[in-house]
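Each chain, written out:
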Amino acid sequence: MSDTATAPAAHQGVMKDLSFLDRWLPAWIIAAMLAGLLLGRFVPGLDTALEAVRIGEVSVPIAIGLLVMMYPVLAKVRYDETHRVAGDRRLMGASLALNWIVGPALMFALAWILLPDLPEYRTGLIIVGLARCIAMVLIWNDLACGDREAAAVLVAINSVFQVIAFGALGWFYLQVLPSWLGLPTTSAEFSVWSIVVSVLVFLGIPLVAGFLTRTLGEKARGRDWYEGTFLPKLGPWALYGLLFTIVLLFALQGDAITSNPWDVARIALPLLVYFFLMFGIGLLASRALGLNYAKSTTVAFTAAGNNFELAIAVAIGTFGVTSGQALAGVVGPLIEVPVLVALVYVSLWAGRMLFPGDRTVPTS
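Source: prediction; values computed, not measured. (Residues numbered from 1 in each chain as written. Predicted model: local features only at pLDDT ≥ 70, side-chain atom pairs only at ≥ 80, totals over all residues. Heavy atoms only, no water.)

### What to know about the pattern of salt bridges
Right, on to step 1. For the structure on display, the rule yields ten salt bridges.
Right, on to step 2. As a salt-bridge pair, R90 and D88 come within 3.9 Å of each other at their nearest N and O atoms.
Right, on to step 3. What makes D88 buried here is its relative accessible area of 9%.
Right, on to step 4. Here D88 ties to K295 by a salt bridge, and the two come within 2.9 Å at their closest N and O atoms. Here K295 lies in helix α15 (residues 293-304) and D88 lies in the loop between α5 (82-86) and α6 (89-114), a separation of 207 residues in the sequence.
Right, on to step 5. Taken together, the shared-partner salt bridges connect R78, D80, R214, E218, R223 and E227 into one network. (Salt bridge = Lys/Arg side-chain N within 4 Å of Asp/Glu carboxyl O. Buried < 20%, exposed > 50% of the residue type's maximum accessible area, 1.4 Å probe, protein only. Helix = DSSP H or I, 4+ residues; strand = E, 2+ residues; numbered from the N terminus.)

### Comments concerning the nonpolar core
Right, on to step 1. In this structure, I29, I139, W140, L242, I246 and L271 are the most contacted members of the largest nonpolar core, which totals 106 residues.
Right, on to step 2. Sort the elements by how many residues they give to this core and helix α17 (residues 324-354) lands first, with 13 residues.
Right, on to step 3. Residues contacting W140, with those up to four places away along its chain left out, are I29, L242, F301, V337, L340, V341 and V344. (Core = buried A, V, L, I, M, F, W, Y, C linked by side-chain atoms within 4.5 Å. Contact = heavy atoms within 4.5 Å.)

### Observations regarding the confidence of the model for the protein chain
Right, on to step 1. Summary statistics for the protein chain give a mean pLDDT of 82 and a share of 85% for residues scoring 70 or more.
Right, on to step 2. Contacts for the low-pLDDT stretch residues 1-17, under 50 throughout, to residues beyond four places or in other chains number 48 contacts. (pLDDT = per-residue confidence, 0-100.)

Here it is in structure tokens:
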């Protein structure tokens, strides 16, 4: 996608302006997933070596990949326009309701309906539903020509809510609600510090770096140079970081995934239903509220995505690295990455039908 596509007019002809890397993105992602799975399966000790390079609960290689992925996207944000997002009550209300009420409740329901006989996987999926996306959603939103400023604000709000609400929601959905419904309960303790570290590393660092880059770059050379010359050179690094991160994530759990194909299929089904439902609900609800294509797309992607890095870390820290809960978290990106890539194209295709006459809809 053109790196200067920020204003509505700049979205015109976006599909024609796709770079070679963007145009073949699904192929690169599939290749990265396969490469990671093969590395994890056939290179002895690779997962152990990657896991050994940690600072506290943060995997350094994965952190590097996520930082490289997120920094260019956050450097594109026009931070002087974020005030218009914070003041949009329809957008803010829709996003908060979808992320913190609808999303966790839907995952809880799907986990119990589709995995009633697999308590470990069910618990892992419920934890996934509580971890709202603060990372890769920026990439999907950008590729679908969503509102960058809105995405930055919503991701920041999700981060704050994550620190405050994750533990309480975990207690509610694993113990209180099942007890009310006469279902088995699960005892789990969540480290607030792990959640704080995840937010600070995966969002805080690239957010500060992106803000400083735009502020200092525009001050030194002006907005035209920054968006017309600097960003096109920086932009491809977001996808390089994405592909690198995917290879690492799948390499870490390649053996577990390839050794348990039926379990992976069982876990994948509720995840598939969840992603498509959350995206569809987010897009249609935002449209019904009168939001334009760009904002509706942003709400939909921020509602559909999940923070698998946090979910995996919580599952491993609480139940162990070889637990079914951890495997459920690992299967998450296996399903999320190709599905949300597909939803990027669905969004670009559906925008013209659902938002006729909307100037923020990209044209092919």
